[in-house]
Amino acid sequence: SFLKGMLAGLVGAFLLSGCGGGGDAAPQQAASAPAAAPKTVKIEAYGDSTMWGQDGAQPPVIQASVTQPSSAQAALQAGYGQTVTVVNEGVPGTNAANLINGTDGKHLPWQQLMANSTAQIVAINFCINDAYLANNESPEQYRALLVQIIDIALGAGKTIFLVEPNMINDPVNRPNMAAYVTVMRDVAAATNTPLVPNYAYPAVTPDNIHPTAATYAAMGERMAAVMWSTVAAMRQ
């Protein structure tokens, strides 16, 4: 009888300690599990001299102290830290056909470039040189090039943004620009591609085409604002 009672007590103590130990272990493991670090987001910004950042107040071809990509990066990093980078891939004097064909003097053809790229997001700012009368690129050809750029980027798994050009004051080409900006807006709507607005905003362009650092800063802030929620989702 005494032995039975002692055995029962030992079994009971063992069961209680087993249950208690199991119950305590889970919270300790959960508390010590490290929080997942935010993912990095890389953005590549392609375009002409106004994406590269040619300073309209400093001829002939000098990069401004602030560019659209550097301003966008500063704004995004203010919200998300160093995990977000914007790489300036602009090349002065180029147009959409140069990007597609790999004839900008810097990049491989767009298909191969996107296949090799480690960026999750690409931004495209081609319009001013496409609309330039001497280039003889019609609005219909421009439309086809933009659609091709978008299709290739999407096929490579990228998220793509179209970036409107800044307003220009060049008397020869300014009347021609509106038609090409309209094409870009139409393509963005038809393909459900996010569009960074620039053309409707004031732009200080001392040489009638290229902005000052202050205008580039505003353009970059608009780029960051349009990309904000996409970047947030990619960091999760």
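Scroll up for the structure.
Quick summary incoming for the structure in this document. Everything quoted here is computed from the prediction, not taken from an experiment. (Residues numbered from 1 in each chain as written. Predicted model: local features only at pLDDT ≥ 70, side-chain atom pairs only at ≥ 80, totals over all residues. Heavy atoms only, no water.)

Observations regarding the packing of aromatic side chains
How two aromatic rings sit relative to each other is set out by the distance from centre to centre and by the angle between their planes. Applying the stated criterion across every chain yields a total of 3 aromatic pairs. Centroid distance Tyr46 to Trp110: 5.2 Å. Interplanar angle 85°. Geometry classified as edge-to-face. Linking Tyr46 in strand β1 (residues 41–47) with Trp110 in helix α5 (residues 110–116), this pair joins segments that are 64 residues apart in sequence. Tyr46 sits in the buried class, given a relative accessible area of 1%. Aromatic pair Tyr142 and Tyr180: ring centres 5.5 Å apart, planes at 50°, arrangement tilted. (Phe/Tyr/Trp six-rings, centres within 6.5 Å; stacked < 30°, edge-to-face > 60°. Helix = DSSP H or I, 4+ residues; strand = E, 2+ residues; numbered from the N terminus. Buried < 20%, exposed > 50% of the residue type's maximum accessible area, 1.4 Å probe, protein only.)

Brief notes about the side chain of Thr215
Structurally, Thr215 can be placed in helix α9 (residues 213–234). The exposure class of Thr215 is buried, given its relative accessible area of 8%. Excluding residues within four positions of it along the chain, Thr215 makes contact with Ala203 and Val204. (Contact = heavy atoms within 4.5 Å.)

Notes on the pattern of salt bridges
A full pass over the atoms with the stated rule returns 4 salt bridges. One salt bridge connects Lys42 with Glu44, and the closest N-O pair in it is separated by 3.7 Å. As a salt-bridge pair, Asp186 and Arg143 come within 4.0 Å of each other at their nearest N and O atoms. Linking Asp186 in helix α8 (residues 174–191) with Arg143 in helix α7 (residues 139–155), this pair joins segments that are 43 residues apart in sequence. (Salt bridge = Lys/Arg side-chain N within 4 Å of Asp/Glu carboxyl O.)

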